[in-house]
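Single-letter residue listing:
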Amino acid sequence: MPKIVLFGATGYTGRLTAEALIARGAAPVLAARNATALEKLAADLGGAEIAVADVTDPGSVRALLDRGDVLVTTVGPFLRYGGPALAAAVAAGAHYFDSTGEGPFIRSVFERDEEARKAGVGLLTAFGFDYVPGNLAAGLALREAPEAVRADIGYFMAGPGTSGGTRASMAGMLFEHGFALRGGRVVPERTGSRIRTFDVAGRARTGVSIPGSEHFALSRSASRLREADVFLGLPPAAARGLQVGSLLTGAVARVAPVKRLADGVLERVVKGSTGGPTPESRARTRSWAVAETFDDSGRVLASVTLTGGDPYDFTAAILAWGAQTALDDGLLAAGALGPVDAFGLDALTAGAADAGFDR
């Protein structure tokens, strides 16, 4: 009988996802490297099957899975730890979901598209606040204006907190290359190279360009789309600081020995799995995803704004929805998939609303 396996269940996002899966009536296998922590989590949740696995032992991760299973992994930073779970899912013939927001890892998942098609599995990377709402908002805007050739997507938060895993992921990306959709192709582009403002709930908010899954996914369902940018909302001074900082880290990244040294320092200094925002803090957080589409003269053709609550709560809920839908044979295709081509625009709209993000 196919099952859902949640790898990284004892981490901050993992625990929230376990709770969301059980709230949906699922019976996930909870997997992590610490047996004691797993036993406590299973007891806290009223009982669940557990399995010990560690990314430093890829065989233990592969042993979690059988053909037809669904693997949900929240083990990050993904550039450092994500590879074994991805490889295990493809080898086992299991569908794959992750919670990464790391552009270079997203690229590595999409590069396995042909391999996943041959295995008959779906690979859904960045299936959380990073970057489901933007894919959905852009998909809705492109349905309203299918002639659009460009899309800009922005992510904005009010009152957010961050987990240790998120901080470690952000630090790990400092010396990695960004990308963007240009001329219908995903090409290298420095993170932070572009800054623009969006109208978000009647207020002008600044965003700075980042790599996302939209660059790979949107052009599949919108064949006329030639250009796409994804922006992270930051105060103007912070956006300009990231832009300048990316110039410096880009220079460091071009010198391989220096990059290895910097990565090693970050790995020691910035730790993951150190907790995250409290339920009270998450309850106060609001978030938005805005998508605008344009014609070749730069005229805005459509604009869609989606509104939600806390990004961690949404990530847990949408991972649970996606995993259960995949287990119930709800994926529309095999391969490395974006959220829209995996489920269809209408089903994704309903799933995101159920997870707390809607128009």
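Here is what the cut-offs are and how they apply
Chains are numbered independently. Their residues run from 1 in the order of the written sequence. pLDDT decides what is reported in this predicted model: residues at 70 or higher carry local features, side-chain atom pairs at 80 or more are listed and counted, and totals for whole chains, interfaces and linings draw on all residues regardless. Water and hydrogen atoms play no part in the side-chain values, which are based on all heavy atoms of the structure. The way it works is that DSSP assigns letters per residue, a run of H or I at least four long becomes a helix, a run of E at least two long becomes a strand, and they are numbered from the N terminus. With a 1.4 Å probe rolled over the protein chains alone, any residue whose accessible area is under 20% of its type maximum counts as buried; one over 50% counts as exposed, and the rest are partly exposed. By definition, residues are in contact when any of their heavy atoms lie within 4.5 Å. The method behind every accessible area is Shrake-Rupley, applied with a 1.4 Å probe, and residues are considered shielded solely by the protein chains displayed. The working definition used for a salt bridge is a side-chain nitrogen of Lys or Arg within 4 Å of a carboxyl oxygen of Asp or Glu. Every angle, taken between N-to-C directions, lies between 0 and 180 degrees, and every axis is a line fitted to C-alpha atoms, over only the stretch in contact when it is a helix. Angle categories: roughly parallel below 35 degrees, roughly antiparallel above 145, roughly perpendicular from 65 to 115, and oblique for all the rest. Left-handed describes a crossing in which the near helix is turned anticlockwise from the far one by less than a right angle; the clockwise case is right-handed. For this classification, the nonpolar set comprises Ala, Val, Leu, Ile, Met, Phe, Trp, Tyr, Cys and Pro, the charged set comprises Asp, Glu, Lys and Arg, and every other residue, Gly included, is treated as polar. Paired strands, as defined in this entry, are two strands with at least two bridges between them according to DSSP. Here, nonpolar core refers to any group of buried Ala, Val, Leu, Ile, Met, Phe, Trp, Tyr and Cys residues whose side-chain atoms link them within 4.5 Å. Take the residue count of a helix, subtract one, and multiply by 1.5 Å to get its expected span. Two rings from Phe, Tyr or Trp (for Trp, the six-membered ring) form a pair when their centres sit within 6.5 Å of each other. Planes less than 30 degrees apart are called stacked, planes more than 60 degrees apart edge-to-face, and all others tilted. Two limits define a charge over a ring: the Lys NZ or Arg CZ must be within 6 Å of the ring centre, and within 35 degrees of the ring normal.

Quick word on the overall build of the chain
Check the secondary structure of the chain and you find 16 helices and 15 strands. The buried share among the 359 residues of the chain stands at 54%. Residue pairs in contact within the chain that sit at least 24 positions apart in sequence constitute 73% of those at least 6 positions apart. Entry remark: accessible area of the chain is about 14,800 Å², with carbon and sulfur atoms responsible for 53%.

Concerning the pattern of salt bridges
Summed over the entire model, instances satisfying the criterion amount to 24 salt bridges. The closest approach of N and O atoms between aspartate 341 and arginine 220, which form a salt bridge, is 3.8 Å. With aspartate 341 in helix H15 (residues 339-343) and arginine 220 in helix H10 (residues 214-221), the pair connects residues that are 121 residues apart, well separated along the chain. Counted as one network, the salt bridges with shared partners bring together Arg182, Glu189, Arg194, Glu227 and Asp229.

Here we look at the packing of helix H8 (residues 132-144) against helix H16 (residues 345-354)
Where H8 contacts H16, the two axes come as close as 10 Å, and the packing angle between them is 135 degrees. When the axes of H8 and H16 are compared, the pair comes out oblique. In terms of crossing hand, the pair formed by H8 and H16 is left-handed. Mapping the contact onto sequence places Val132, Leu136, Gly139, Leu140 and Arg143 in H8 and Leu345, Asp346, Leu348, Thr349 and Ala352 in H16. Split by residue class, the contact of H8 with H16 holds six nonpolar, two polar and two charged.

Focus: the sheet that holds strand S4 (residues 70-73)
Reading across the sheet, the seven strands line up as S3-S2-S1-S4-S5-S6-S15 and stay open at both edges, with parallel pairing between neighbours. What marks the edges here is a single partner per strand, and that holds for strand S3 (50-52) and strand S15 (335-336). Helix H1 (residues 12-23) rests against strand S1 (4-7), strand S2 (29-32) and S4 of the sheet, and its axis sits at about 160 degrees to S1.

Comments concerning the nonpolar core
Residues Phe7, Leu65, Phe97, Leu123 and Phe127 are the most contacted members of the largest nonpolar core, which totals 97 residues. Top contributing element to this core by residue count: helix H14 (residues 311-327), with nine residues. Residues Val200, Phe231, Trp288 and Val290 belong to the second largest nonpolar core, which totals six residues.

Overview of the environment of alanine 116
Of note, alanine 116 is situated in helix H7 (residues 113-119). On the accessibility criterion, alanine 116 (0% relative accessible area) is buried. Residues in contact with alanine 116, not counting those within four places in the same chain, are Val121, Leu123, Ala334, Gly335 and Ala336.

Focus: the packing of helix H6 (residues 103-110) against H10
Close contact between H6 and H10 brings their axes to 10 Å; oriented N to C, the two are set at 45 degrees. Our classification of the angle between H6 and H10 gives oblique. Between H6, through Ile106, Arg107 and Phe110, and H10, the contact on the second element is made entirely by Phe216, Ala217 and Arg220. Looking at the contact of H6 with H10 residue by residue, the classes come out as four nonpolar, no polar and two charged.

Digging into H8
One full turn of an α-helix is made of 3.6 residues, so residues set three or four places apart face in the same direction. Taking 1.5 Å of rise per residue, 13 residues should cover 18 Å, and H8 covers 19 Å from first to last C-alpha, within 8% of that figure. Judged by how many residues are buried, H8 sits mostly within the fold: 11 of 13 residues are covered.

As for the pairing of strand S14 (residues 300-308)
Alignment of strand S13 (residues 286-294) against S14, held across eight bridges, turns out to be antiparallel. What sits directly across from valine 290, in S14, is threonine 305. Between the end of S13 and the start of S14, which pair antiparallel, lie five residues, with glycine 298 showing a positive phi angle near 90 degrees.

A look at the side chain of threonine 206
Mapped onto the secondary structure, threonine 206 falls in strand S11 (residues 203-210). For threonine 206, a relative accessible area of 13% gives the class buried. Contacts of threonine 206, omitting those with residues within four sequence positions, involve Phe156, Ile195, Arg196, Thr197, Leu232, Gly233, Leu234, Pro236 and Ala239.

Considering the environment of alanine 326
Looking at the secondary structure, you find alanine 326 in helix H14. Overall, alanine 326 belongs to the buried group, its relative accessible area being 3%. Along the backbone, alanine 326 and tyrosine 96 are 230 residues apart, and their C-alpha atoms lie at a distance of 9.3 Å.

Regarding the packing of aromatic side chains
The final tally for this structure, using the stated rule, is 13 aromatic pairs. Ring geometry for tyrosine 131 versus tyrosine 155: centroids 5.4 Å apart, planes at 75 degrees, classification edge-to-face. Taken as a pair, tyrosine 131 in the loop between strand S6 (122-124) and H8 and tyrosine 155 in strand S7 (residues 150-158) lie far apart in primary sequence, 24 residues in all. Here tyrosine 131 and tyrosine 155 have matching classes, each one buried. Centroid distance phenylalanine 156 to phenylalanine 198: 5.5 Å. Interplanar angle 65 degrees. Geometry classified as edge-to-face. Residue phenylalanine 156 is found in strand S7, and its partner phenylalanine 198 is found in strand S10 (residues 195-200); the two are separated by 42 residues along the sequence. For phenylalanine 156, a relative accessible area of 2% corresponds to the buried category. In this structure, arginine 150 packs its charged tip against the face of phenylalanine 294, placed 3.9 Å from the ring centre.

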